[in-house]
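For reference, the chains in residue letters:
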Amino acid sequence: MFCYQCQETAAGKGCTVRGVCGKTEEVAKLQDLLIYVLKGISDVIVKGKMDISKLGNTNYEVLSSLFMTITNANFDDGSIEKKILKMLSIRDELKKTVTANDLHDAAIFTVNTRESMLEKAASVGVLSTQNEDIRSLRQMITYGLKGMAAYAEHAKNIGLENLDINAFIYEALAATLDDSLSADDLVALTLKTGEYGVKVMALLDTANTSKYGNPEITQVNIGARKSPAILISGHDLTDLEQLLEQTKGTGVDVYTHGEMLPAHYYPAFKKYDNFVGNYGNAWWKQVSEFESFHGPILFTTNCIVPPKSEEVKKRIFTTGSTGYPGCRHIEADANGKKDFSEIIALAKTLPAPDEIETGSIVGGFAHNQVMALADKVIDAVKSGAIKKFFVMAGCDGRMKSREYYTEFAEKLPKDTVILTAGCAKYKYNKLKLEDIGGIPRVLDAGQCNDSYSLAVIALKLKEVFGLDDINKLPIAFNIAWYEQKAVIVLLALLYLGVKNIHLGPTLPGFLSPNVAKVLVDKFGIAGIGTVDADIELFMAQ
């Protein structure tokens, strides 16, 4: 196997025996093969000039398949094998309707056993592209598409889609098979991926807010009650909505975990009396926090850490694109409805969560809410009460080097404000950083996809201050990354013209030296240094 799609990849170069995330060699190879099949489907659609509005459920299946391969989403080799066979069947049906005769191997190869799948996977993985720079760019595009697919799937689950986004995914996947494309061609495609990254995050923002309302400033309880409970993790708000509807009046509480925390900010969910708070911290602390929770855990998207305890494993349920061997999976029916009765019944038999902390945290500062405070924010900037904003969005993770972000937040001058989204917030959202004239010094916009809100805020401030360049704003970007949704957020920011982004705790292993140089020279991308030196650098800009 070879995988270097996440920040924690072995030695910063690549996992070759077993994923640091916990995935086995078989899972890694099957995921590689699934991506290859998706590229074959895209080759058929692009060369066949197919009308994707007539593809029915194929568009959704492609999104779901891409999502399955994101870090920490699906460790179940059986479900991935099943998905490969399903997508091969779709590919072969599509081929019957086109006359293209120059199809790539990805569109015509055959496999029918696990052994033949693994044999084929060994020849089509990351390292099958020999040129290091071409490989780097192809992978950066592919990882961006994985993040894009995740956001597009969430929007589709709510009932909103943009077929232009699906068309671009096919275009870009097919392009990664085209050996005639130069490095310059792929750089251009990488930026185009960022353009569609902006579109997909805008799509999901519209989907979320049209159904659940605009996020509003909310105090979220982080303590625990004495009732049996279910913990829901991940990102999918439709899963949360269905769970809350099915637990109404049952005596079972529902807590969020990790990236699901921002669900508390949406008005639509505040009507549920049993939606009682957030339990724990970022995804990587779940091994100990799931022990003390006692109740069932529902994973709606990625962020799974392989459980060490069989007792905990028996309480884990997966749904959507997620999966873990031995854990029960909840499928949706033809209308997208899911039956969570088994989870609820189990919760009633288990003890209430142990309280691991008390108090509350505040969030809900998406673009609509911040714009409602615009006059106050602008006055604070003009008066000098706020000297600088720091965008510290992105991901948290296990590496000790990520303590940098906690120290960075603690040492920032008291006339600065942190804008955040994603689980990176857990490095500092419980610190006592006070406020500036009633404006909290940590403004949490929401999930990783809500980084779109931070871009909207920046663009609005640029307009208000009459600037011709977003980089002239008193905003610095110090972003932590972990997986592929962070990749599409980064590419989206680059497309919007944001420069001098610092990315850490390490630069991606999939960047070749030459590709890294392009990002440095053209966009000013940099890594992180020491906290004191970086703060001095940022404040001087």
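Trainee: Please explain the environment of Glu-357 as it appears in this structure.
Mentor: Among the structural elements, Glu-357 can be located in the loop between α11 (341-348) and β8 (360-363). As for Glu-357 and Ala-540, which are separated by 183 residues in sequence, their C-alpha atoms are 38 Å apart. Other than its neighbours up to four places away in sequence, Glu-357 contacts Ile-222, Gly-223, Gly-280 and Lys-430. Among the polar contacts listed, one links the side chain of Glu-357 to the side chain of Lys-430, at a separation of 2.8 Å.

Trainee: So what exactly am I meant to see when it comes to the sheet that holds strand β2 (residues 229-233) here?
Mentor: Backbone-to-backbone hydrogen bonds pair the strands of a sheet. The strands run either parallel or antiparallel. Judged by pairing direction, the sheet is parallel, and its 6 strands sit side by side in the order β4-β3-β2-β5-β6-β7 without closing on themselves. The strands lining the two open edges of the sheet, one partner per strand, are β4 (275-278) and β7 (328-330). If you compare each strand with its neighbour and ignore which way they point, the axes differ by 25 degrees on average. Where strand β5 (residues 297-299) meets strand β6 (residues 316-319), 3 bridges bridge the pair, whose relative direction is parallel. Directly across from Leu-298, in β6, lies its bridge partner Phe-317.

Trainee: Help me out: how do you make sense of the sheet that holds strand β14 (residues 475-480) in this one?
Mentor: Reading across from one edge, β13-β10-β9-β14-β15 is the order of the 5 strands in this open sheet, with parallel pairing throughout. Looking at which strands have only one partner, the edges of the open sheet turn out to be β13 (442-444) and β15 (502-504). Taken over all neighbouring pairs, the strand axes of this sheet differ in orientation by 20 degrees on average, direction set aside. Sheet topology note: the strand β10 (residues 416-420)/β13 ladder contains 3 bridges and is parallel. The partner of Thr-420 across the bridge, within β13, is Asp-444.

Trainee: Mind showing me how you'd approach the nonpolar core here?
Mentor: Counting 150 residues, the largest nonpolar core has Ile-41, Ile-84, Met-148, Leu-240, Phe-269, Phe-389 and Ile-501 as its most contacted members. Of the residues forming this core, the biggest block, 12 residues, is contributed by helix α5 (residues 132-158). Once residues within four sequence positions are removed from consideration, Met-148 is found in contact with Ile-165, Phe-168, Ile-169, Thr-193, Tyr-196, Gly-197, Val-200 and Ile-488.

Trainee: Explanation requested: the environment of Lys-499 in the structure shown.
Mentor: For Lys-499, the position within the fold is in the loop between α16 (484-495) and β15. Lys-499 gets classed as partly exposed once you look at its relative accessible area, which sits at 41%. For the pair Lys-499 and Arg-402, spaced 97 residues apart in the sequence, the C-alpha separation amounts to 22 Å. Those residues in contact with Lys-499 that lie beyond four places of it in its chain are Asn-471, Lys-522 and Phe-523.

Trainee: I'm lost on helix α13 (residues 374-383) in this one. Help?
Mentor: Every α-helix winds through 3.6 residues per turn, so residues three or four apart in the chain are directed the same way. Along α13, the residues that are buried comprise Ala-374, Val-377, Ile-378, Ala-380 and Val-381. For α13, the angular spread of the buried residues around the axis is 160 degrees, confining them to a single face. Among the exposed residues of α13, those pointing more than 90 degrees away from its buried face are Asp-375, Asp-379, Lys-382 and Ser-383. Each element contacted by the buried residues of α13 is listed here: α12 (367-372), β9 (388-391), β12 (439-440) and α15 (451-464). Gly-384, located one to two residues past α13, shows a positive phi value of around 90 degrees.

Trainee: I would appreciate a short explanation of the side chain of Asn-74 in the present structure.
Mentor: Along the chain, Asn-74 turns up in the loop between α2 (58-68) and α3 (77-95). Looking at Asn-74, its side chain comes within polar contact range of the side chain of Ser-79, at 3.2 Å. Setting aside residues no more than four positions away along its own chain, Asn-74 makes contact with Val-27, Gln-31, Met-68, Ser-79, Ile-80, Ser-321, Thr-322 and Gly-323.

Trainee: In this structure, what is going on with unusual backbone geometry? I would like to understand it.
Mentor: Glycine aside, negative phi is the norm for most residues, and most peptide bonds take the trans geometry. In the segment running from Gly-504 into Pro-505, the intervening peptide bond is cis, with an omega of 5 degrees. Position of Pro-505 among the secondary structure elements: in the loop between β15 and α17 (513-523). Unusually for a residue other than glycine, Ala-11 sits at a positive phi of about 55 degrees. Counting through the fold element by element, Ala-11 comes out in the segment before α1 (25-47). The residue Asn-500 is not glycine, and still its phi comes out positive at about 60 degrees. Mapped onto the elements of the fold, Asn-500 is located in the loop between α16 and β15. Residue classification places Asn-500 among the partly exposed residues on the basis of a relative accessible area of 40%.

Cut-offs used in this document
Residues numbered from 1 in each chain as written. Predicted model: local features only at pLDDT ≥ 70, side-chain atom pairs only at ≥ 80, totals over all residues. Heavy atoms only, no water. Helix = DSSP H or I, 4+ residues; strand = E, 2+ residues; numbered from the N terminus. Contact = heavy atoms within 4.5 Å. Polar contact = N/O pair within 3.5 Å; in protein donor to acceptor, adjacent residues only side chain to side chain. Pairing = 2+ DSSP bridges. Axes fitted to C-alpha atoms, helices over the stretch in contact; angles between N-to-C directions. Core = buried A, V, L, I, M, F, W, Y, C linked by side-chain atoms within 4.5 Å. Buried < 20%, exposed > 50% of the residue type's maximum accessible area, 1.4 Å probe, protein only. Arc of directions from axis to C-beta.

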